[in-house]
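Summary of structural features
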Amino acid sequence: MSEMDDVLKEFLVESFENLDRLDQDLLALERDPSDRELVGRIFRTVHTVKGACGFLGFKKLETVAHVAENLLSRLRDGVLRFSPDVADALLASGDAVRSMLRLIERDGDDGPEDYAALRETLGALAAGRTCEPARGETPEDAAATPPLEPSPVDFGGAAPVATAPPSAPLAAVRGAEEVRPEDAATAGVADDTIRVDVALLDKLMNLVGELVLARNQVLQHVQARGDVALGSASQRLNHITSELQEGVMKTRMQPIEHVWSKVPRMVRDLAA
């Protein structure tokens with residue numbers, strides 16, 4: 001896989017995660033429109049997606065994100081007030097970006113749809129005009145796009161899912177456009193974590209399983225021989241192996257909230 005392929009994969013994974021958080025934050029903002037910190041966080045999310053799109057050359061996706069960012073900028077600056085129409089339009093822009101990301105993942109480009117009606121709605125709201133949000137606008141390949149389904153999870157623990165810091169090119173993109181200091185205050189969360197390939201975790205779990213079997217055989221031989229020194233070392237091996245097995249199992253678990261996080265958005269759309 002080339003360096004650009006790695007960058008594209010990182011962009012897709014990070015963008016899908018950002019969009020999931022965007023939905024949750026917008027629903028939370030509907031409940032408390034006065035939360036300025038939440039508005040800033042939503043702005044940063046859209047700004048991040050837009051900057052990466054520009055770097056990778058996905059112009060249609062960048063254009064939608066740019067118009068949504070303009071609307072969020074006016075909300076952040078207090079020029080506009082958050083309203084149901086604004087919520088509808090921003091959620092619709094997130095859906096449009098998600099659809100284009102799926103096309104990029106499948107075909108390598110952001111598709112033929114330019115989302116003109118959605119962009120007009122976002123622009124009108126940013127200008128302080130009210131208009132009917134473009135809820136029904138979907139890409140031409142909508143029928144081919146499978147519905148969102150929750151990923152299977154391991155029950156029995158809730159260890160955080162590992163996430164990776166952005167690759168160097170994406171990190172550079174984020175700094176290409178000026179972000180206000182208060183917006184960048186919480187931008188370093190990903191620096192403390194890494195994203196690990198699930199296949200690698202599965203391999204580690206299999207290796208730990210083999211280690212546990214070998215540990216059990218060692219313990220059986222030690223008990224049969226009655227060697228005190230070897231018995232002490234085997235107990236140490238037993239303790240380390242047990243802790244290693246528990247730690248690896250936790251890295252493979254996912255928080256149950258990842259399954260249920262899409263439910264509030266589904267309920268909102270059904271209620272509307």
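Residues numbered from 1 in each chain as written. Predicted model: local features only at pLDDT ≥ 70, side-chain atom pairs only at ≥ 80, totals over all residues. Heavy atoms only, no water.

Tracing the sequence through the fold places Glu113 in the loop between helix 4 (84–107) and helix 5 (116–126). Buried charge Glu113 goes without a salt bridge, the closest partner of opposite sign being Arg119 at 7.5 Å. A polar contact of 3.0 Å, which involves the side chain of Glu113, links it to the backbone nitrogen of Tyr115. (Helix = DSSP H or I, 4+ residues; strand = E, 2+ residues; numbered from the N terminus. Buried < 20%, exposed > 50% of the residue type's maximum accessible area, 1.4 Å probe, protein only. Lys, Arg positive; Asp, Glu negative; His and termini not counted. Salt bridge = Lys/Arg side-chain N within 4 Å of Asp/Glu carboxyl O. Polar contact = N/O pair within 3.5 Å; in protein donor to acceptor, adjacent residues only side chain to side chain.)

Glancing now at the environment of Val208. The residue Val208 is located in helix 7 (residues 198–225) in this model. Sequence separation between Val208 and Val248 is 40 residues, and the spatial gap between their C-alpha atoms is 7.9 Å. Apart from the residues lying within four places of it in its own chain, the contact partners of Val208 are Leu244, Gln245 and Val248. (Contact = heavy atoms within 4.5 Å.)

We now examine the nonpolar core. Counting residues in each nonpolar core, the largest one holds 44 residues, and the members touching the most others are Phe11, Leu61 and Leu90. At the level of secondary structure, the elements contributing two or more residues to this core comprise helix 1 (3–31), helix 2 (36–56), helix 3 (59–76), helix 4 and helix 5. Residue contributions to this core peak at eleven residues, all from helix 4. (Core = buried A, V, L, I, M, F, W, Y, C linked by side-chain atoms within 4.5 Å.)

With a phi angle near 55°, Tyr115 is a residue other than glycine that sits in the positive phi range. Taking the relative accessible area as the measure of exposure, Tyr115 reaches 1% and is therefore buried.

Another point: the environment of Gly94. For Gly94, the location among the structural elements is in helix 4. Along the primary structure Gly94 and Asp20 are separated by 74 residues, whereas in three dimensions their C-alpha atoms are 9.0 Å apart. The contacts of Gly94, once residues within four sequence positions are left out, are Leu19 and Leu22.

Applying the stated criterion across every chain yields a total of one aromatic pair. Measuring from ring centre to ring centre gives 6.0 Å for Phe11 and Phe58, while their planes differ by 20°; the resulting arrangement is stacked. Within this pair, whereas Phe11 is found in helix 1, its partner Phe58 is found in the loop between helix 2 and helix 3, the two being separated by 47 residues in sequence. We note that Phe11, like Phe58, is buried. The ring of Phe43 carries Arg76 above its face, with NZ or CZ at 4.1 Å from the centroid. (Phe/Tyr/Trp six-rings, centres within 6.5 Å; stacked < 30°, edge-to-face > 60°. Lys NZ or Arg CZ within 6 Å of the ring centre and 35° of its normal.)

With that settled, consider the confidence of the model for the chain. Taken over all residues, the pLDDT of the chain has a mean of 76, while the share at 70 or more is 74%. Helix 6 (residues 168–174) is the least confidently modelled element of the chain, averaging 35 in pLDDT, while helix 5 averages 94, the highest of any element. Counting interchain partners and residues more than four positions distant, the pLDDT-below-50 stretch residues 132–192 has 104 contacts. (pLDDT = per-residue confidence, 0-100.)

Our next topic: helix 7. Counted at 1.5 Å a residue, the expected span for helix 7 with its 28 residues is 40 Å, and the 41 Å between its end C-alpha atoms agrees. Buried within helix 7 are the following residues: Leu201, Val208, Val212, Arg215, Leu219 and Val222. Tucked into the core, helix 7 has its buried residues touching helix 8 (228–252). Gly226 sits one or two residues past helix 7 and shows a positive phi near 70°. (Expected span 1.5 Å × (residues − 1).)

Where helix 3 contacts helix 5, the two axes come as close as 9 Å, and the packing angle between them is 20°. Considering their axes alone, helix 3 and helix 5 lie roughly parallel with respect to each other. Considering only the axes of helix 3 and helix 5, their crossing is left-handed. Counting all contacts with helix 3, which are made through Thr63, Val64, Val67, Ala68, Leu71 and Arg74, the residues of helix 5 involved are Leu118, Arg119, Leu122, Gly123, Leu125 and Ala126. Grouping the constituent residues of the contact of helix 3 with helix 5 by class yields eight nonpolar, two polar and two charged. (Axes fitted to C-alpha atoms, helices over the stretch in contact; angles between N-to-C directions. Parallel < 35°, antiparallel > 145°, perpendicular 65-115°, else oblique. Left-handed = near helix turned anticlockwise from the far one by under 90°. Nonpolar A, V, L, I, M, F, W, Y, C, P; charged D, E, K, R; others polar.)

Further remarks concern the pattern of salt bridges. All chains considered together, the criterion is met by 16 salt bridges. Two residues, Lys59 and Glu62, come together in a salt bridge whose shortest N-O distance is 3.7 Å. Taken together, the positions of Lys59 and Glu62, both in helix 3 and three residues apart, correspond to about one turn of that helix. Among the ionic pairs, Arg268 bridges to Asp88, the shortest N-O distance being 2.6 Å. With a gap of 180 residues between them, Arg268 in helix 10 (residues 263–271) and Asp88 in helix 4 connect regions that are remote in the sequence. Take Arg268 and Asp88: they sit in the same class, and that class is buried. Where salt bridges share partners, they join Asp20, Asp23, Glu30, Asp88, Asp95, Arg98, Arg265, Arg268 and Asp269 into one cluster.

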